[in-house]
Amino acid sequence: MSPTLNGKVCLVTGACRGIGKGIALQLGAAGATVYITGRTKANLDECASEIKARGGHPVPIQMDHGIDADVEKLFQKISSEQSGKLDILVNNAYAGVNTIFTSSGKKFYETDPTETWDCINGVGLRGHYHCTVLASRIMVPRKQGLIVNVSSSGGMRYLFNVAYGIGKAGCDRMAADCGHELKRSNVAMVSLWPGPVKTEYIQDKLMSDPKNPLGGMFAKGETIEFAGKAIVNLAADPNMMAKTGKILNTADLANEYSFTEDDGTSPIDFRQVNSLLAYGGYNWMASMVPNFLKVPLWIMHFGSYKF
């Protein structure tokens, strides 16, 4: 049986589409009040309707996370309407997807430096920090809360471009250092790494192109709601504080909390040795390796560029 979050107040930034929408839907399905933000009213209203249909309590807020005043007003509104209560913040808002794909194949010095940085890390890294500060000011006095940065393995190894990797590494370090300072206040912060996710953008731009080599990887990827299931289970875990400051993979949380996609399948897990072999083209060898054989986290750590 799925855990419930009745009475919890949540905020998911960038919830119009993609992972943010999927997370908001799962939090709503668990019974929470979910503030959802985005720039497009039609998409926000659609997400809110779906949350309500699942038994949740949506509060759509049309805004731009690139405008600091809008962000300040958002947290003031939540604090006022919820009597100073915010249980879960999911930092997901991101404005860099289009820039990532339009600059594909270019070296960092071949792109406009300030435009690239601001598009990828303005609403992303900078915005996540801004929201984390404001959420912590609500959570710390109440001695409880969970903050999640939606990040990726691009924080450990090169992925897409330089600005993207710097931003995701920053998100991971933010969770570690904020988690350190928040721990005594019983507020947890983690960095969540989903696997390949079949967002609307990915399905339109990559999976629809049979010549794109990434299409096959995303075909076995996560739905937009899989990360939401991970966050719901984490938020309901009485031992949640043991994970504060850490990087958490959605696949690992699925194994720990025993959840799958709605159809009962499990997405690709790149810690599984057979998945890595198959991705490398060694299908015959992959078929001989059991699913439980995984790359240890300490090997992943030392496989980064940081030493």
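Presented here is a report on the structure given in the accompanying data block. What you see as residue numbers is a count from 1 along each chain, following the sequence as written. In keeping with the predicted nature of the model, local features appear solely for residues at pLDDT of at least 70, side-chain atom pairs appear and are counted solely at 80 or more, and the whole-chain, interface and lining totals rest on all residues. With hydrogens and water set aside, each side-chain value is computed from the structure's full complement of heavy atoms.

### Points about the overall build of the protein chain
Let me state the cut-off plainly: Note on conventions: DSSP H or I runs of at least 4 residues are helices, E runs of at least 2 residues are strands, and numbering of each starts at the N terminus. The contact criterion used is simple: two residues touch if any of their non-hydrogen atoms lie within 4.5 Å. Exposure was quantified through the Shrake-Rupley algorithm and a 1.4 Å probe, taking into account, for residues, occlusion by the shown protein chains and nothing else.
Helices and strands together make up the secondary structure of the protein chain, namely 13 helices and 7 strands. Sequence-distant contacts, at least 24 apart, represent 69% of the contacts inside the protein chain between residues at least 6 apart. For the protein chain, the exposed area adds up to about 15300 Å²; of that, 55% sits on carbon and sulfur atoms.

### With respect to the pairing of strand 6 (residues 187-193)
Put simply, the test is: The buried label goes to any residue with under 20% of its type's maximum accessible area, the exposed label to any with over 50%, and the partly exposed label to all in between, with areas taken from a 1.4 Å probe on protein chains only. When DSSP finds two or more bridges between two strands, those strands count as paired. Think of it like this: strands point away, you trace from the first strand over the helix to the second, and a clockwise trace means the crossover is right-handed.
Burial analysis of strand 6 places 7 of its 7 residues in the buried class, which makes it a mostly covered element. Summarising the sheet, strand 5 (residues 145-150) and strand 6 pair through 6 bridges and their orientation is parallel. In the strand pairing of strand 6, asparagine 149 is matched with serine 191. Since strand 5 and strand 6 lie parallel, the crossover through helix 6 (residues 162-182) that links them has a hand, and here it is right-handed.

### Notes on the side chain of threonine 37
As a reminder of what qualifies: Contacts described as polar in this section are N or O atom pairs within 3.5 Å, which, within protein, must combine one atom able to donate a hydrogen with one able to accept it, while residues neighboring in sequence count only if both atoms come from side chains.
Position of threonine 37 relative to the elements: it lies in strand 2 (residues 33-38). For threonine 37, a relative accessible area of 0% gives the class buried. In terms of polar contacts, threonine 37 uses its side chain to reach the side chain of histidine 65, at 2.8 Å.

### Re the pattern of salt bridges
So the rule is basically this: Salt bridges are counted wherever a side-chain nitrogen of Lys or Arg sits within 4 Å of a carboxyl oxygen of Asp or Glu.
Counting across every chain of the model gives 12 salt bridges. Note that lysine 77 and glutamate 81 form a salt bridge whose closest N and O atoms lie 2.5 Å from each other. On the criterion of helical spacing, the pair formed by lysine 77 and glutamate 81 is a turn pair, its members being 4 residues apart in helix 3 (residues 68-81). Take lysine 77: its relative accessible area is 31%, and that puts it in the partly exposed class. Put simply, lysine 229 and aspartate 262 hold a salt bridge, and the shortest N to O gap is 2.7 Å. Of this pair, lysine 229 sits in helix 9 (residues 226-235) while aspartate 262 sits in the loop between helix 10 (250-257) and helix 11 (273-279), and the two are 33 residues apart along the sequence.

### Regarding the nonpolar core
Note the following rule: Buried Ala, Val, Leu, Ile, Met, Phe, Trp, Tyr and Cys residues form a nonpolar core when they are joined through side-chain atoms within 4.5 Å.
Core analysis: the biggest nonpolar cluster contains 42 residues, and Ile23, Leu27 and Ile36 have the highest contact counts within it. When residues in this core are grouped by element, the largest group, 7 residues, is from helix 9. Residues contacting leucine 27, with those up to four places away along its chain left out, are Leu5, Cys10, Val12, Ala32, Val34, Ile88, Ile231 and Val232. Counting 23 residues, the second largest nonpolar core, distinct from the first, contains Leu11, Ile61, Ala135 and Met189.

### Thoughts on helix 5 (residues 113-142)
Defined as follows: Given the number of residues in a helix, its expected span is that number minus one, multiplied by 1.5 Å. In this scheme, the bend at a residue equals the angle between the axes fitted to the seven residues that finish there and the seven that begin there.
An ideal rise of 1.5 Å per residue puts 44 Å on 30 residues; helix 5 measures up with 41 Å between its terminal C-alpha atoms. Along helix 5, the helix axis deviates most sharply at asparagine 121, where the bend reaches about 55°. One or two positions beyond helix 5, positive phi appears at lysine 143, with a value near 60°.

### Some points on the pairing of strand 5
Most of strand 5 sits inside the fold, with 6 of its 6 residues counted as buried. The pairing of strand 4 (residues 88-91) with strand 5 spans 4 bridges and is parallel. Paired with leucine 89 across the bridge in strand 5 is isoleucine 147.

### Examining the environment of alanine 188
By the element assignment, alanine 188 lies in strand 6. Considered as a pair, alanine 188 and glutamine 144 are 44 residues apart in the sequence and their alpha carbons are 7.9 Å apart. Apart from residues lying up to four places away in sequence, alanine 188 is in contact with Gly145, Leu146, Ile147, Met240, Met241 and Thr244.

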